[in-house]
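# Examining the three-dimensional arrangement
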Amino acid sequence: MSAPAEAQGGARKKSFLDTLEIDTRMLGMVVAFIALTIGFHFVTGGLFLTPRNIFNLTIQTVSVAIMATGMVFVIVMRDIDLSVGSLLCLCSAVMGLLQVQLLPDIGIPLGSPLIAPIAIVAGLATGALIGAFNGWLVGYLTIPSFIVTLGGLLVWRNVAWYMTSGQTLGPLDDRFQLFGGINGTLGAPLSWAFGVIASLGSLYALMQARRAKIRHDFPVKPVWAEGLIAAVVVIVIMGFVWTLNSYSVPPAVLKRRFDAAGLTMPDGYTDVYGLPISVFLLIAVAIAMTVVANKTRFGRYIFAAGGNPDAAELSGINTRLMKVKVFALMGMLAGLSAVVASARQTYHTNDIGTLDELRTIAAAVIGGTALAGGVGTIYGAILGALIMQALNSGMAMVGVDSPFQNIVVGGVLVLAVFVDIVYRKRTGALK
Amino acid sequence: MTTPLVELRDISISFGGIKAVDHVSVDLYPGEVVGLLGHNGAGKSTLIKCLSGAYHADSGEIWINGQKAEINNPRDARAYNIETIYQTLALADNLDAASNLFLGRELVTPAGFVDDAKMEAETRKIMGRLNPNFRKFKVPVSALSGGQRQSVAIARAVYFNAKILIMDEPTAALGPHETQMVAELIEELKRQGLGIFLIEHDIHNVMRLCDRASVMKNGQLVGTVNVDEVTDDDILGMIIMGKKPEKVA
């Protein structure tokens, strides 16, 4: 990738990766992630890349990954949100209070099918409103977002503490718990159906992109390159579903289920977990956020405002209102993460989401979001969250002491950003 | 005489007690280039930002096509077909040429999503007219040269059928060849009947490109002259001494 070779342009034969038009930065992250997991797999003696561990890894990643997608927008706009962990706690408290106290008090009995939807809507609304308020302070009162959300970090968790008197609230509603991970999975048939639909959807999207290029007489990739990418995408999706569908429900858990239903379990009965609803939720959020980032005016303006705020303002973009919207979106995603996080532990505690703001920012930054603004991808942030979670749970499995786990994660964060800076300098994206 | 395209009447604006623009009136007719001259801090850019909507004048009126106009922000200015090419090049460095050209006015598909392929095709079309050597459609504009960036900024104004064009030192960052390209472009836009306010320091460019020149000093208008009727030295005298030449006064 030396500069003279680049300058010769068309004369040079395109490399394999150029022909595939793959983002080499993303490829590097994927390779690092795969190397990491394979490394842990050997060190743990074959325990890391098992269906059970992959299942756990994904459900542990969801909460931070959902917020990381929103953090990408915030950081791309040259802002920061340090309050998401506390906001998650407040949303969780609101939903917990509604489920175990407020709704039963106004005559909606415990176990009613109304409880989960009302609680979730209230939680998301709480997050969005407080986020919008943060955005208003940042955009219209021009208080730096670092300060606004540093204040929020202290304020919102303690508002939650006051509201709940510091009590643990639970157990949460059964239907609400479906969003937590292990307590809500799609099962084998639905998971396979998801895999097939996701594969077909990806193929359709690839085809549409190619058609749009042909329609405007732009150069397109050779057919073999398109075919290779399509094959990789389908194999990854179906392989992921196959892995999750290989995780059997332990017989003891199955027996409990049958006992609860008042039935006896037939001999030799087995079942698998399949795709967790929370992971499905993350995938839906990731797709929606990617579409917003790349295909809507709103997303385009976020990147424009991050690249050159004056240019965005002079182009007639209302950057103040943009901040309100971006922080509101971030708040709503914190509310969604609160659903997943509190459902996963089946009750609300006052320490839920502690330090999540730092994990979220780290995920976005490891995923290639530049703190200077203007640059970042949704898939990168999710990959960043996965890498951090893989590091944490891998080290826990190996038996690394807690202090060393955090030391390693901190070191990796700084190293990742350094590698990114070197990479960008080499490719000329950073001068 | 036709109605002026733009009349800035008695505009004043101050920042913290300092009168940046002090009761200044200038006008602009279709197919005309009016140069705005003066030292740094004379108030040229501030005056023109009242027209482009970046600032709001403390007092005074803006008339467009013989009608009083309310311009409170850049969006209002665009509604009057006023386009500005800023000295600092109002481009988002991290986006490509097409995204910059259509920034704030993206083409969308029927479903409401931005239509990148169509925008790139349109950008290729207009750049083919303005700067046929332009090839870098896929890279962020931070990777472009000064002239290439300027041509993206000008393409933006041209594409959206500007009637009134404000150019703030459009050739300041350019080499001789690129300056020539911009000069030819200005001639072409004049022929198409646009009115152009040109903020310019280079007296040579002013004599070559402008029909009239308005000179400012310390926030006040020294005077407006027909470029044909004065010499370089007359204009320099106005800029430096703040003195209007005898023969036109």
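Cut-off values and rules
Residues numbered from 1 in each chain as written. Chains lettered and ligands numbered in written order. Predicted model: local features only at pLDDT ≥ 70, side-chain atom pairs only at ≥ 80, totals over all residues. Helix = DSSP H or I, 4+ residues; strand = E, 2+ residues; numbered from the N terminus. Rg over C-alpha atoms; globule rule 2.2 N^0.38 Å. Buried ≥ 20, exposed ≤ 12 C-beta atoms within 10 Å, placed from the backbone. Core = buried A, V, L, I, M, F, W, Y, C linked by C-beta atoms within 7 Å. Domains from an automatic or database assignment. Contact = placed C-beta atoms within 7 Å. Nonpolar A, V, L, I, M, F, W, Y, C, P; charged D, E, K, R; others polar. Pairing = 2+ DSSP bridges. Axes fitted to C-alpha atoms, helices over the stretch in contact; angles between N-to-C directions.

This part takes up the overall build of chain A. In terms of regular secondary structure, chain A is built from 18 helices and zero strands. Relative to a compact globule of 431 residues, whose C-alpha radius of gyration would be 22 Å, chain A shows 23 Å and is just as compact. Each of the three principal axes of chain A carries a C-alpha extent, and together these read 75 × 60 × 50 Å. Among the 431 residues that make up chain A, the fraction classed as buried is 42%.

Attention now moves to the nonpolar core. Core analysis: the biggest nonpolar cluster contains 181 residues, and Ala68(A), Met71(A), Ala304(A), Met330(A), Ala363(A), Leu51(B) and Leu198(B) have the highest contact counts within it. Of the residues forming this core, the biggest block, 16 residues, is contributed by helix H15 (residues 319–345) of chain A. Counting residues domain by domain, this core receives three or more from each of domain 1 (23–184 + 293–427) and domain 2 (185–275) of chain A. Those residues in contact with Ala68(A) that lie beyond four places of it in its chain are Thr360(A), Ala363(A), Ala364(A), Ala381(A), Ile382(A), Gly384(A) and Ala385(A).

Facing the 22 residues of chain B at the interface are 23 residues of chain A. Those elements that place two or more of their residues in the side of chain B that touches chain A are helix H2 (74–79) and helix H4 (116–130) of chain B. Across the side of chain B that touches chain A, the residue classes break down as 13 nonpolar, four polar and five charged.

Here the focus is the environment of Gly193(B). Residue and element names in this part refer to chain B. Relative to the helices and strands, glycine 193 is located in the loop between helix H6 (176–191) and strand E8 (195–199). C-alpha separation for the pair glycine 193 and aspartate 116, spaced 77 residues apart in sequence, amounts to 31 Å. Sequence-distant contacts of glycine 193, defined by excluding residues within four places in its chain, comprise Pro30 and Gly31.

Residues and elements named next belong to chain B. Even without glycine at this site, aspartate 10 takes up a positive phi of about 55 degrees. For aspartate 10, the position within the fold is in strand E1 (residues 6–15). You can call aspartate 10 exposed: it has 12 C-beta atoms within 10 Å.

The buried fraction of helix H1 (residues 44–52) of chain B is high, at nine of nine residues. Taken as a whole, H1(B) has its buried residues at Lys44(B), Ser45(B), Thr46(B), Leu47(B), Ile48(B), Lys49(B), Cys50(B), Leu51(B) and Ser52(B).

This paragraph deals with the pairing of strand E6 (residues 82–85) of chain B. All names here are of chain B. Judged by which residues are buried, E6 turns out to be covered on both faces: Ile82 and Thr84 on one side and Glu83 and Ile85 on the other are all buried. Direction of pairing for E6 relative to strand E7 (residues 164–168): parallel, over a ladder of four bridges. Note that in E7 the partner of isoleucine 85 across the bridge is methionine 167.

Residue and element names in this part refer to chain B. Pairing is antiparallel in the open sheet, where four strands are placed in the order E2-E1-E4-E5. At either margin of the open sheet sits one strand with a lone partner, and together these are strand E2 (18–28) and strand E5 (67–69). Ignoring strand direction, the axes of neighbouring strands in this sheet form an average angle of 30 degrees. The pairing of E1 with E2 spans seven bridges and is classified as antiparallel. Considered in E2, the bridge of glutamate 7 is made with aspartate 27. Across the face of the sheet, H1 comes into contact with E1, E2 and strand E4 (59–64) while running at roughly 115 degrees to E1.

With that settled, the discussion passes to the domain arrangement of chain A. Residues and elements named next belong to chain A. The domain boundaries assigned to chain A delineate domain 1 (23–184 + 293–427) and domain 2 (185–275). The distance between the C-alpha centroids of domain 1 and domain 2 comes to 25 Å. Facing five residues of domain 1, the contacting portion of domain 2 comprises six residues. Considering only residue class, the side of domain 1 that touches domain 2 consists of three nonpolar, one polar and one charged.

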